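For reference, the chains in residue letters:
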Amino acid sequence: MEEFIRLRKSEEPAEYDRSAWATMPIDVWRDLVRNHPDMRFWAAHNRTVPAEILAELAEDSDWRVRDRVLGKSHTPLELFERLANDPHDAVRRSVANHPRSPRSAVARLIDDPWPVIAQEARARLANWPTEESSKPA
């Protein structure tokens with residue numbers, strides 16, 4: 001954990017960049033996100049952060065952390081479902097437009113209070129690929 005924090009706070013670009021790829025045991029990740037709130041965004045930014053930690057970060061009080069959780073290629077689909085109800089419009093908009101968002105999460109946004117999100121969700125659903133069109137030729 002100390003190494004992750006040191007890399008993240010480093011003035012050296014190479015070290016700073018290494019924090020995005022740093023791997024740690026799950027108990028170290030837990031300690032980091034629970035005891036170092038200033039590192040939660042960077043934990044969510046890390047490309048190796050475990051899905052279990054992403055689930056914890058999806059509950060963070062900072063909308064930027066919750067939004068960053070959606071940027072992972074391995075974010076569990078249930079987190080898209082959960083974050084479709086997020087209080088912050090930027091997070092809901094990310095759900096509406098993310099290529100991995102499940103159809104059911106996008107569908108819940110068609111009546112979003114922010115008209116931009118509702119419109120984007122409706123447009124996305126209108127262009128949703130069908131099973132037949134997504135199969136290789």
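For clarity, every value in this text was computed on a predicted model and none was experimentally measured. (Residues numbered from 1 in each chain as written. Predicted model: local features only at pLDDT ≥ 70, side-chain atom pairs only at ≥ 80, totals over all residues. Heavy atoms only, no water.)

*Asks:* Now, about the overall build of the protein: what can you tell me, with residues and values included?
*Replies:* The number of helices and strands found in the protein is eleven helices and zero strands. The order of α-helices and β-strands along the protein, N terminus first, is α-α-α-α-α-α-α-α-α-α-α. In terms of its C-alpha atoms, the protein occupies a principal-axis envelope of roughly 45 × 40 × 25 Å. Here the contacts in the protein between residues at least 6 apart in sequence split such that 43% fall between residues at least 24 apart. For the protein, the accessible area works out to roughly 7900 Å², and carbon and sulfur atoms hold 53% of it. Distance from the positive charge centre (21 side chains) to the negative charge centre (24 side chains) of the protein: 3 Å. (Helix = DSSP H or I, 4+ residues; strand = E, 2+ residues; numbered from the N terminus. Contact = heavy atoms within 4.5 Å. Areas by Shrake-Rupley, 256 points an atom, 1.4 Å probe, with all protein chains shown as cover. Lys, Arg positive; Asp, Glu negative; His and termini not counted. Charge placed at Lys NZ, Arg CZ, Asp CG, Glu CD.)

*Asks:* Please give an account of the packing of helix 8 (residues 89–97) against helix 10 (residues 115–126) that cites residues and values.
*Replies:* At a minimum axis distance of 9 Å, the contact between helix 8 and helix 10 shows a crossing angle of 10°. Judged by the angle between their axes, helix 8 and helix 10 are roughly parallel. Note on element contacts: helix 10 touches helix 8 through V116, I117, E120, A121 and R124, opposite D89, R92, R93, V95, A96 and N97. Residue composition of the contact of helix 8 with helix 10, grouped by class: five nonpolar, one polar and five charged. (Axes fitted to C-alpha atoms, helices over the stretch in contact; angles between N-to-C directions. Parallel < 35°, antiparallel > 145°, perpendicular 65-115°, else oblique. Nonpolar A, V, L, I, M, F, W, Y, C, P; charged D, E, K, R; others polar.)

*Asks:* For the nonpolar core, give the residues involved together with the corresponding values.
*Replies:* Of all hydrophobic cores here, the largest spans 32 residues; its most connected members are F4, W29, L32, L57, V69, V95 and L109. Once you skip the residues sitting within four places of it in the chain, W29 turns out to touch F4, A22, M24, A43, N46, T48, V49, P50 and I53. (Core = buried A, V, L, I, M, F, W, Y, C linked by side-chain atoms within 4.5 Å. Buried < 20%, exposed > 50% of the residue type's maximum accessible area, 1.4 Å probe, protein only.)

*Asks:* Quick one: what's the story with the pattern of salt bridges, residue by residue and with numbers?
*Replies:* Enumeration over the complete set of coordinates arrives at ten salt bridges. One salt bridge connects R66 with D86, and the closest N-O pair in it is separated by 2.5 Å. Taken as a pair, R66 in helix 6 (residues 63–69) and D86 in the loop between helix 7 (77–83) and helix 8 lie far apart in primary sequence, 20 residues in all. With respect to class, R66 is no different from D86; both count as buried. (Salt bridge = Lys/Arg side-chain N within 4 Å of Asp/Glu carboxyl O.)

*Asks:* Run through helix 1 (residues 2–9), naming residues and quoting values.
*Replies:* Of all the residues in helix 1, the buried ones are F4, I5, L7 and R8. End-on, the buried residues of helix 1 take up no more than an arc of 165°, which puts them together on one face. Counted as exposed and oriented over 90 degrees from the buried face of helix 1: E2 and K9. Of the surrounding elements, those touching the buried residues of helix 1 are helix 2 (13–18), helix 3 (26–35) and helix 4 (40–45). (Arc of directions from axis to C-beta.)

*Asks:* Provide a residue-level description of helix 10, including the pertinent values.
*Replies:* For helix 10, with twelve residues, the first-to-last C-alpha span of 16 Å sits near the 16 Å given by 1.5 Å per residue. All of the buried residues in helix 10 are I117, A118, E120, A121, R124 and L125. One side of helix 10 carries all its buried residues, which in axial view fall inside an arc of 165°. Exposed side of helix 10, more than 90 degrees from the buried face: P115, Q119 and A126 are the residues found there. Considering only its buried residues, helix 10 is in contact with helix 8 and helix 9 (103–107). (Expected span 1.5 Å × (residues − 1).)

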